[in-house]
Amino acid sequence: VLCKTNQQGHGIAHFLMTQNIPVVSSDSLLLSYIPEVQVVVAFFRYLLNPDDNISAGLVINYLFQTTVLNEDQFHQSLQSISHKTNLFFLLKQHGIELNETQLYRCNLLDLAAELSDALNLHTKAGLAIRFFLDEVNYFLQKENSNLSEFLRWWDLRQKKASLIIPQDTNAVRV
């Protein structure tokens, strides 16, 4: 499908995806549009600033969207976050065990992998998570393992980092 503007292409791609039609577009392949990557980045932001209720809320919302949490648990968790309840405590209540102290000691690649395992991100978007881990590894080769530096770098890089799929993939190209 050819479109005059990216906005038109995005609208057409979104409509096709809501109809369960596989779509390949420049937008659909960006890692930053994949919820599992978004939740890792949100968790990174939370680790950097535990007062970041928006990032904590994004993690909780992902767990609701993937039916890990039911609607009541979702609303209770969001309310707890607004009252400054620790995200690790909330996750533990829902059976997701993460050692906060150990996570702060991990390098970025191990941190991303640990979060992926704990939240079962690889089951829904294994390929995207592998590509994201490659991006983290690329950053580590060029820079140090500083979380705030990575997030600054990712804010720029996310507009370019994408999945690479075979040309013969059976999908509508927008």
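Our subject in this report is the structure included herewith. (Residues numbered from 1 in each chain as written. Predicted model: local features only at pLDDT ≥ 70, side-chain atom pairs only at ≥ 80, totals over all residues. Heavy atoms only, no water.)

### Section: the packing of aromatic side chains
For the structure on display, the rule yields 14 aromatic pairs. Considering the side-chain rings of Phe 132 and Trp 154, the 5.2 Å spacing of their centres and the 90° angle between planes classify their relative orientation as edge-to-face. Of this pair, Phe 132 sits in helix H9 (residues 121-142) while Trp 154 sits in helix H10 (residues 147-157); the two residues are 22 residues apart in sequence, bridging distant segments of the chain. Look at Trp 154 and you get buried, because its relative accessible area is 1%. Note on Phe 150 and Trp 153: the rings are 5.6 Å apart at their centroids and 40° apart in plane angle, and the pair reads as tilted. Pair noted here: Phe 150 and Trp 153 are both in helix H10, with a separation of 3 residues, about one helical turn. As far as burial versus exposure is concerned, Phe 150 and Trp 153 are alike and both buried. A network of ring pairs unites the aromatic residues Phe 44, Phe 132, Tyr 138, Phe 139, Phe 150, Trp 153 and Trp 154 as a single cluster. Positioned above the aromatic ring of Tyr 138 is the side chain of Arg 157, whose terminal nitrogen or guanidinium carbon lies 5.8 Å from the ring centre. (Phe/Tyr/Trp six-rings, centres within 6.5 Å; stacked < 30°, edge-to-face > 60°. Helix = DSSP H or I, 4+ residues; strand = E, 2+ residues; numbered from the N terminus. Buried < 20%, exposed > 50% of the residue type's maximum accessible area, 1.4 Å probe, protein only. Lys NZ or Arg CZ within 6 Å of the ring centre and 35° of its normal.)

### Notes on unusual backbone geometry
Located in the positive-phi region is Thr 67, a residue other than glycine, with phi close to 60°. Positionally, Thr 67 belongs in the loop between helix H4 (53-65) and helix H5 (71-82). For Thr 67, a relative accessible area of 68% gives the class exposed. Of note, the phi angle at Lys 84 is positive, near 70°, even though the residue is not glycine. By the element assignment, Lys 84 lies in the loop between H5 and helix H6 (87-93). Given a relative accessible area of 52%, Lys 84 falls into the exposed group.

### Observations regarding the nonpolar core
Counting residues in each nonpolar core, the largest one holds 46 residues, and the members touching the most others are Leu 31, Val 40, Phe 43, Phe 44, Phe 132, Phe 150 and Trp 154. Counting only elements with at least two residues in this core, the list comes to helix H3 (35-48), H4, H5, H6, helix H8 (108-118), H9 and H10. (Core = buried A, V, L, I, M, F, W, Y, C linked by side-chain atoms within 4.5 Å.)

### Focus: H5
Compared with an ideal rise of 1.5 Å per residue, which puts 12 residues at 16 Å, H5 spans 17 Å between its outermost C-alpha atoms and is within 8% of the ideal. Every buried residue of H5 is accounted for by Phe 74, Ser 77 and Ile 81. Seen from one end, H5 has its buried residues packed into an arc of 70°, which puts them on one side. Residues Asp 72, Gln 76 and Gln 79 are exposed on H5 and point more than 90 degrees away from its buried face. Between the side-chain oxygen at the start of H5 and the backbone nitrogen of Asp 72 there is a gap of 3.0 Å, and the oxygen is on Asn 70. (Expected span 1.5 Å × (residues − 1). Arc of directions from axis to C-beta. Polar contact = N/O pair within 3.5 Å; in protein donor to acceptor, adjacent residues only side chain to side chain.)

### Describing the pattern of salt bridges
Under the criterion given, the structure shown has 3 salt bridges. Where Asp 155 meets Arg 45, a salt bridge forms, and the shortest distance between an N and an O atom there is 2.7 Å. Of the two residues, Asp 155 is situated in helix H10 and Arg 45 in helix H3; the sequence distance between them amounts to 110 residues. What makes Asp 155 partly exposed here is its relative accessible area of 31%. (Salt bridge = Lys/Arg side-chain N within 4 Å of Asp/Glu carboxyl O.)

### Here's the deal with the layout of surface pockets
Approximately 240 Å³ is the volume found for the largest pocket. As for the largest pocket, its lining consists of 15 residues, and the residues nearest its centre are Pro 35, Gln 38, Val 39, Ala 42 and Leu 58. Elements represented by at least two residues in the lining of the largest pocket include exactly H3 and H4. Looking at which element gives the most residues to the lining of the largest pocket, the answer is H3, with 7 residues. Partitioned by chemical class, the residues of the lining of the largest pocket number 8 nonpolar, 6 polar and 1 charged. (1 Å grid on protein atoms, 1.4 Å probe; cavity = no way out; pocket = protein on both sides within 12 Å on 5 of 7 lines; lining within 4 Å. Points joined across faces, edges and corners; volume = space filled by probe spheres on them. Nonpolar A, V, L, I, M, F, W, Y, C, P; charged D, E, K, R; others polar.)

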